[in-house]
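Examining the three-dimensional arrangement
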Amino acid sequence: KLNQFIAEVVKRYKNHPAIDSWQLENEALNHNFGINGDFNRKRLRDELSLVKALDKKHPVIMSTSNSFALPIRRPRPDYFGFSWYTVQFKNGRYSQSFFGPLHYVLRSWTIRLSTGRPVFIHELQCEPWGSRANTEMDLEEMNASMDTSRLKFNLNSAKKSKLKPYFLWGLEWWYAMKIRGEEQWWETVK
């Protein structure tokens, strides 16, 4: 059923002008997030083969997690992306990542050298990552992991890394906050 779904989506949208690439899962082999994970490499290889067979025009991206994951084994998509989060709520508290731009540059070089594939920032933290969903947090709790100075810091760090493109994660949150009258994130990103 999963393969049928993937096939229908690819066939339906592969010629749509908005399609730039396909993403094969999201952090598919990240064991540190969510429940009931399916970490089956054969399934991922089959998914990649299916997408590539149905659409030879668009590249396929796979993303890794925030910290150390190195995609040395297959599947091998056309591009690798990774997440870059600087403040998250974990184990009952907010923790700040000690990884700076140099870590991500070195990580991208390692991935590029070991896979022969380009690497980019697939998910740059530009929204809160708190103890609850963004819709359930008040402004003070949102600011604990994403105030405008943190947003500027993350954007400047990504620029310093020169790992392009970098996809900013949080558009729907900036927009929701703008509608609420809290436009500072929208204006900062603009």
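Notes on the structure follow. Since we're looking at a predicted model, the values are computed, not measured.

As a further point, take the sheet that holds strand E1 (residues 22-23). In space, the five strands of this open sheet follow the order E1-E2-E3-E6-E7, with parallel pairing throughout. Pairing within the sheet leaves two strands with one partner each, and these edge strands are E1 and strand E7 (166-169). Two strands pair when backbone bridges link them, and strand E3 (residues 79-84) and strand E6 (residues 119-125) are joined in this way by five bridges, in the parallel orientation. Opposite Trp84, over in E6, you have Leu124 as the bridge partner.

Ile121, Leu124, Trp173 and Trp185 are the most contacted members of the largest nonpolar core, which totals 30 residues. Residues in contact with Trp173, not counting those within four places in the same chain, are Cys126, Glu127, Pro128, Asn134, Met142, Met146 and Trp185.

This next bit is on the packing of helix H1 (residues 2-13) against helix H2 (residues 41-54). H2 packs onto H1 with a crossing angle of 30 degrees between their chain directions and a minimal axis gap of 10 Å. Overall, the two elements H1 and H2 adopt an arrangement that is roughly parallel. Crossing handedness for the pair H1 and H2: right-handed. When H1 is examined against H2, the residues Leu2, Asn3, Ile6, Ala7, Val10 and Lys11 are found in contact with a partner set consisting of Arg43, Glu47, Leu50, Val51 and Leu54. In the contact of H1 with H2, the residues fall into seven nonpolar, one polar and three charged.

Below, the discussion takes up the pattern of salt bridges. Scanning all chains against the criterion turns up six salt bridges. In this structure, Arg43 engages Glu47 in a salt bridge whose closest nitrogen and oxygen atoms are separated by 2.4 Å. Taken together, the residues span about one helical turn, with Arg43 and Glu47 both in helix H2 at a distance of four residues. We note that Arg43, like Glu47, is buried.

Reading the values: rules and limits
- Residues numbered from 1 in each chain as written.
- Predicted model: local features only at pLDDT ≥ 70, side-chain atom pairs only at ≥ 80, totals over all residues.
- Heavy atoms only, no water.
- Pairing = 2+ DSSP bridges.
- Helix = DSSP H or I, 4+ residues; strand = E, 2+ residues; numbered from the N terminus.
- Core = buried A, V, L, I, M, F, W, Y, C linked by side-chain atoms within 4.5 Å.
- Buried < 20%, exposed > 50% of the residue type's maximum accessible area, 1.4 Å probe, protein only.
- Contact = heavy atoms within 4.5 Å.
- Axes fitted to C-alpha atoms, helices over the stretch in contact; angles between N-to-C directions.
- Parallel < 35°, antiparallel > 145°, perpendicular 65-115°, else oblique.
- Left-handed = near helix turned anticlockwise from the far one by under 90°.
- Nonpolar A, V, L, I, M, F, W, Y, C, P; charged D, E, K, R; others polar.
- Salt bridge = Lys/Arg side-chain N within 4 Å of Asp/Glu carboxyl O.

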